[in-house]
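Fold and geometry: a report
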2 protein chains.
Amino acid sequence: MSTIAGRAAIVAVGDELVSGEQPDKNIAWLAQRLGELGYTVEIATLVGDDEQGIAALFRQLANRAELVFSSGGLGPTLDDLTRHAAAAAAGVELVLDDESLAQVRAHCAARGTEASPASQRQALLPAGARLLPNSVGTAPGFVLGIEGSHLVVLPGPPRELQVVFEEQAQPFLLGLPRPALGRSVARFFLMGLAESDFAGAVGAWMAREANPRMGVCAGRGVLKVKLEATGANQAEAQEILAARVELFRTRFSKEIFSEEDAEPALALGRLLIERGMTCATAESCTGGALAAALTQVPGISAVFREGFVTYSNEAKQVRLGVSPADLATHGAVSEEVAGAMSRGAAERAGASLAISTTGIAGPSGGNPKTPVGLVCFGVTHAGATRTYTRRFRPRGRSFVRDWAVNASCELARRALLR
Amino acid sequence: MSTIAGRAAIVAVGDELVSGEQPDKNIAWLAQRLGELGYTVEIATLVGDDEQGIAALFRQLANRAELVFSSGGLGPTLDDLTRHAAAAAAGVELVLDDESLAQVRAHCAARGTEASPASQRQALLPAGARLLPNSVGTAPGFVLGIEGSHLVVLPGPPRELQVVFEEQAQPFLLGLPRPALGRSVARFFLMGLAESDFAGAVGAWMAREANPRMGVCAGRGVLKVKLEATGANQAEAQEILAARVELFRTRFSKEIFSEEDAEPALALGRLLIERGMTCATAESCTGGALAAALTQVPGISAVFREGFVTYSNEAKQVRLGVSPADLATHGAVSEEVAGAMSRGAAERAGASLAISTTGIAGPSGGNPKTPVGLVCFGVTHAGATRTYTRRFRPRGRSFVRDWAVNASCELARRALLR
């Protein structure tokens, strides 16, 4: 078992996944949690509702990984075949589990219905499996030994999978011999640096054999960086990581906006709440997406005063006091108008900080002076207004809008820290 | 080849995918496109940046599918190993491709930089491969024969993958012998029906052996239904589908909000543009997400007047004219206030339609009278205001907000059609 110790594999079951009707929502979550517990996910596979195909996959993966996780296919309907596939893979029968049947009945009773024959199907378990009760749904999970590995079968709805993992699977995993290798992970979120410039700046830190190993993903202006150190044990891994983390923080002090929040809006929202600083937004091209991003943060209502989505020129004038002369002379997409918008929003909402956006999100509406992708921003803070212009690649309406939301929040955060 | 004809498999390459740092964004898109072209995706696998592992997977899948698609691992850095793995799987060498090198150089020149040695790595191709030029990035794709199947290798960034697919891979596929089986697909998007009630209403239509086969996915109040008919040829499949589509439309005439748009906001936005009907939004708990959803629609600026994100009670009074008495007597989360909000928004923005939301998104802030998940809506249309209350499951802030956005748009759409 030494070659497979610490390795994990994930199977996501469902016709809707392989047909592309429904993107998988469990693999990334499970992989992250398994990583935190010291396991390395080597492979993850989406497969349709086909009993033999699932069973073959379970056997194959059990031969290369210590843990095989599965999500989905545990419901009451005839296309739910994961428990049958697991039994086939282990070469055991399905048996009606009393504890599980009682839970299905209790769950139905709580909803004022009787357990239908279909829902009783959910109480079938492969012989020898260990039940993982589901406190938030009718389909319990289970653990089954296959080929010396553990097959951990979880329900497919993300919330049920997560609850059964936390309440049941994780305690089970913590009872197993821990993976020998120590692992320690740090994350950084940066803005204001192209991926290629980042690659140049980190040089050999990103070599495949480096320890810590560095991975980077880029999207909408944000670089998500992961550093993962391995060592003979946890303490050694942490030590190796800590040294690199310190260098990384120094080298990218200007660009790192968070070590927790993957979105600039979350980092800004937290900073505003921390400081008790009131804020407002004035949006044209982002159409409410900036306000929506900021108001994702729980507790933001203590500081978020209001948002103006002033799509029309008339609304910019009436609601924010932008002058008709500025609109006529400079156009709605200009730093002059962006500045007037943030100034107006700060004054009228009585907020310490206001952020504005005005630009051309596309797909049409551009011209040589203001091409698709051009966005102007205003940040009013403590009575002073700064304006900015950025030109994003015209890769579609949502691309430009999302990038503009990220950029505006980061401009505001930097203005606050100046 | 008969057992594998018409079958496809997908491989998504990247350490960030198996570690869960970055959810895959290509599999669902590719699977849908392949389905439209008559191929059935049987299996999709996420694998890390490991040359041997990727090569073994390519060989294994080429033995069971006519087409194997791969995404990612074509970049310039040392962890980009897909082209090496493809060459190893086919048992051929990598050679420097002149056409490809010229493209890399041209792409760099267009950005005012020189092609670095690293970026020239992107011009390596397995011997015998057919180049799939990339018009929007430096990494071209390619097609390579393996074990009698076609391995189609595409770049990982979703936009590049999609462009190379549309411009290059699809014409290649259309040149292959078509899958014999006819397939025809219809989609419906419904709101206002629980998944279990839907299952009861469709009965045997959802049996596994039914033709058309029916799949359903539920999320944020929306049911996405897919009907897929198969026949000996395309005409037969279309005929089988058409009969069921007619019955489906009749049975769910009330709940179907679109056969194209998966989001109620898109369906509403299109309807408003079609009718040239001006609109405005007034949001509390959705914090701008309703305006952002509506303004996703290209061309909406012709009818969207403005949005009010009135988070504070003061903003509700000053901006929308909600009376302090209503706020004090009924509370901010009440139909009275929701109605006053939409009325105020319609009047002040001069819009024919206005939609309002006020509720408790959570995670905290609830109380017995207004628990987390409770949202009130107002729809003002042609001078008349209707109000509604919905109680969503308190499954997190974004869950409640997203569901409230969907519900508000669907309430407005139905008000318009009444």
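Residues numbered from 1 in each chain as written. Chains lettered and ligands numbered in written order. Predicted model: local features only at pLDDT ≥ 70, side-chain atom pairs only at ≥ 80, totals over all residues. Heavy atoms only, no water.

What to know about the state of the cysteines
Threshold: Throughout, a disulfide means two cysteine sulfur atoms within 2.5 Å of one another.
Throughout the structure, instances matching the rule amount to zero disulfides over all chains. Left unpaired, A:Cys409 is separated from the closest cysteine sulfur, that of A:Cys279, by 9.3 Å.

Here's the deal with the nonpolar core
Basically, it comes down to this: In plain words, nonpolar cores are sets of buried Ala, Val, Leu, Ile, Met, Phe, Trp, Tyr and Cys residues tied together by side-chain atoms within 4.5 Å. Using a 1.4 Å probe on the protein chains alone, a residue whose accessible area is under 20% of its type maximum counts as buried, one over 50% counts as exposed, and one in between counts as partly exposed. What makes two residues a contact is simply this: any of their non-hydrogen atoms within 4.5 Å.
Grouped together as the largest cluster of nonpolar side chains are 86 residues, with contacts concentrated most on A:Leu268, A:Leu353, B:Leu268 and B:Leu353. Excluding residues within four positions of it along the chain, A:Leu353 makes contact with A:Leu268, A:Leu272, A:Met277, A:Thr278, A:Cys279, A:Ala280, A:Val379, A:Thr380, A:His381, A:Ala412 and A:Leu416. In terms of nonpolar packing, the next biggest core, distinct from the first, is built from 54 residues, A:Ile10, A:Ala31, A:Tyr39 and B:Tyr39 among them.

Topic: the packing of aromatic side chains
Geometrically, a pair of aromatic rings is defined through the distance of the ring centres and the angle of the planes. Residues and elements named next belong to chain A. Rules: Two rings from Phe, Tyr or Trp (for Trp, the six-membered ring) form a pair when their centres are within 6.5 Å of each other. A pair whose planes differ by under 30 degrees is stacked, one over 60 is edge-to-face, and the rest are tilted. Working definition: helices are DSSP H or I runs of at least four residues, strands are E runs of at least two. Numbering for both runs from the N terminus.
In total, this model carries 22 aromatic pairs over all chains according to the counting rule given. Ring geometry for Phe377 and Phe392: centres 6.4 Å apart, planes at 75°, overall edge-to-face. On the criterion of sequence distance, the pair formed by Phe377 in strand β16 (residues 374-381) and Phe392 in the loop between β17 (384-391) and α15 (397-417) is long-range, its members being 15 residues apart. By the burial criterion, Phe377 is buried, and Phe392 matches it. Seen from their ring centres, Phe399 and Trp403 are 5.5 Å apart, and the 55° between their planes marks the pair as tilted. Separated by four residues within a single helix, Phe399 and Trp403 lie in helix α15, roughly one turn from each other. Trp403 matches Phe399 in its accessibility class, with the two residues each being buried.

Structural notes on the domain arrangement of chain A
Residues and elements named next belong to chain A. Note the cut-off: Each domain's extent was defined by an automatic or database domain assignment. Values labelled buried area give the accessible surface lost by two parts on being combined, using a 1.4 Å probe and summing over both. Any carboxyl oxygen of Asp or Glu within 4 Å of a side-chain nitrogen of Lys or Arg constitutes a salt bridge here. Polar contact is the term for a pair of N or O atoms within 3.5 Å; when the atoms are in protein, one must be able to donate a hydrogen and the other to accept it, and sequence-neighboring residues count only if both atoms are side-chain atoms. In this classification, the charged set is Asp, Glu, Lys and Arg, the nonpolar set is Ala, Val, Leu, Ile, Met, Phe, Trp, Tyr, Cys and Pro, and all remaining amino acids, among them Gly, are polar.
Here chain A is partitioned into domain 1 (7-174), domain 2 (182-258) and domain 3 (264-417). Facing 10 residues of domain 2, the contacting portion of domain 3 comprises 11 residues. For the pair domain 2 and domain 3, the two sides together bury roughly 850 Å², of which 57% comes from carbon and sulfur. Contact with domain 3 buries surface across domain 2, with Met191, Arg220 and Phe257 losing the most and accounting together for 74% of the total. Residue Asp402 is joined to Arg220 by a salt bridge in which the shortest nitrogen-to-oxygen separation is 3.3 Å. Along the contact surface separating domain 2 from domain 3 lie four residue pairs in polar contact (both at pLDDT 80 or more). Considering each element in turn, the side of domain 2 that touches domain 3 owes the most residues, three residues, to strand β12 (residues 256-258). Partitioned by chemical class, the residues of the side of domain 2 that touches domain 3 number four nonpolar, three polar and three charged.

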